[in-house]
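Report on the structure
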Amino acid sequence: MITFQKAELVISAPSKKEWPETLLPEIVLAGRSNVGKSSFINAMVGRKKLAYVGNTPGKTRLLNFFSLDDKYMFVDVPGYGYANLSKQQLIRFGEMMEDYFSERLQKKGLVLLVDARHKPTEDDKLMLEFARYHHLPSIIVATKIDKVKKSYRKKQLDLIQSTLALTEDEVIFPFSATTKENREEIWEKLFILFDS
Ligand SMILES: Nc1nc2c(ncn2[C@@H]2O[C@H](COP(=O)(O)OP(=O)(O)O)[C@@H](O)[C@H]2O)c(=O)[nH]1
Ligand SMILES: [Mg+2]
């Protein structure tokens, strides 16, 4: 099993001025609020409270940089899809992502998290388009798969695949923070991206 000696929050960066001056390869994690992103990070890294589960909208307008064994970096994007964001907040989010995707040279990939029970939204499509536009490879993690009946699995994964119009390279991994299903398989793919 993959484990880490050291996993820590380097900085919660409100803007690019605060991005850490490291050269570690980075993987970006994005998804709608409540998709299970914090739970995913914690389960993958094997820490209970590295990424705080259940944080509120006001506290998540920041890019969180997590270093793993001083070798890799996860970049946790604020959860999107809150109904009550102002136009100004939406613009700021777009600018933050555009800054990151266009300027951060050590970016290696995007993990787009979607809820296995739901059809991906326009926001999800937009995030994937952002990555494609910047030639950043993506994988899709379908979270909370433990909540999907076995007999519905294929249907749900097909729905995600077709809604996002995934290419052959954009693999979907069903995942559960509860059962840790596919944790090692996802790590295998992440290491390939980190080391690319
Ligand atoms: N059953 C189940 N619940 C999950 C899973 N991942 C997250 N959750 C729950 O979904 C809610 C939101 O999770 P969180 O990680 O805070 O989502 P975030 O807003 O994307 O960071 C919490 O109540 C979690 O316990 C999962 O894989 N299975
Ligand atoms: Mg969270």
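Heads up: the structure comes first, above all this text.
This text gives an overview of the structure that appears in the document. (Residues numbered from 1 in each chain as written. Chains lettered and ligands numbered in written order. Predicted model: local features only at pLDDT ≥ 70, side-chain atom pairs only at ≥ 80, totals over all residues.)

Before going further, it helps to spend a moment on the overall build of the protein. Scanning the protein for helices and strands turns up five helices and seven strands. What you see in the protein, going N to C, is helices and strands ordered as β-β-α-β-β-α-β-α-β-α-β-α. Relative to the 2.2 N^0.38 estimate, which gives 16 Å for 196 residues, the radius of gyration of the protein is 16 Å and therefore close to what a compact globule would have. Principal axes of the C-alpha set define a box for the protein whose edges measure 50 × 40 × 30 Å. (Helix = DSSP H or I, 4+ residues; strand = E, 2+ residues; numbered from the N terminus. Rg over C-alpha atoms; globule rule 2.2 N^0.38 Å.)

Right, let's talk about the sheet that holds strand S5 (residues 107–115) for a bit. With mixed pairing, seven strands are arranged side by side in an open sheet as S1-S3-S4-S2-S5-S6-S7. Bordering the open sheet on either side are strand S1 (7–13) and strand S7 (172–174), each of which pairs with just one other strand. Ignoring which end each strand starts from, the neighbouring axes of this sheet average 25° apart. Of the strand pairs in this sheet, S5 and strand S6 (residues 138–143) are connected by six bridges, and their pairing is parallel. (Pairing = 2+ DSSP bridges. Axes fitted to C-alpha atoms, helices over the stretch in contact; angles between N-to-C directions.)

Once that is clear, we can look at the site of ligand 1. Neighbouring ligand 1 are 18 residues, the closest being Gly36, Lys37, Ser38, Ser39 and Ala177. The leading source of residues in the shell around ligand 1 is helix H1 (residues 37–45), at three residues. Broken down by class, the residue content of the shell around ligand 1 amounts to three nonpolar, eleven polar and four charged. (Near = placed C-beta within 6 Å. Nonpolar A, V, L, I, M, F, W, Y, C, P; charged D, E, K, R; others polar.)

Within the largest apolar cluster, 46 residues are counted, with the highest numbers of intra-cluster contacts made by Ile27, Leu29, Val75, Leu112, Leu113 and Val141. Among the elements that line this core, the one with the most residues is S5, at five residues. If near-sequence neighbours (up to four positions away) are discounted, Leu113 is found in contact with Leu29, Ala30, Gly31, Val35, Gly36, Lys37, Phe40, Val141 and Thr143. (Core = buried A, V, L, I, M, F, W, Y, C linked by C-beta atoms within 7 Å. Buried ≥ 20, exposed ≤ 12 C-beta atoms within 10 Å, placed from the backbone. Contact = placed C-beta atoms within 7 Å.)

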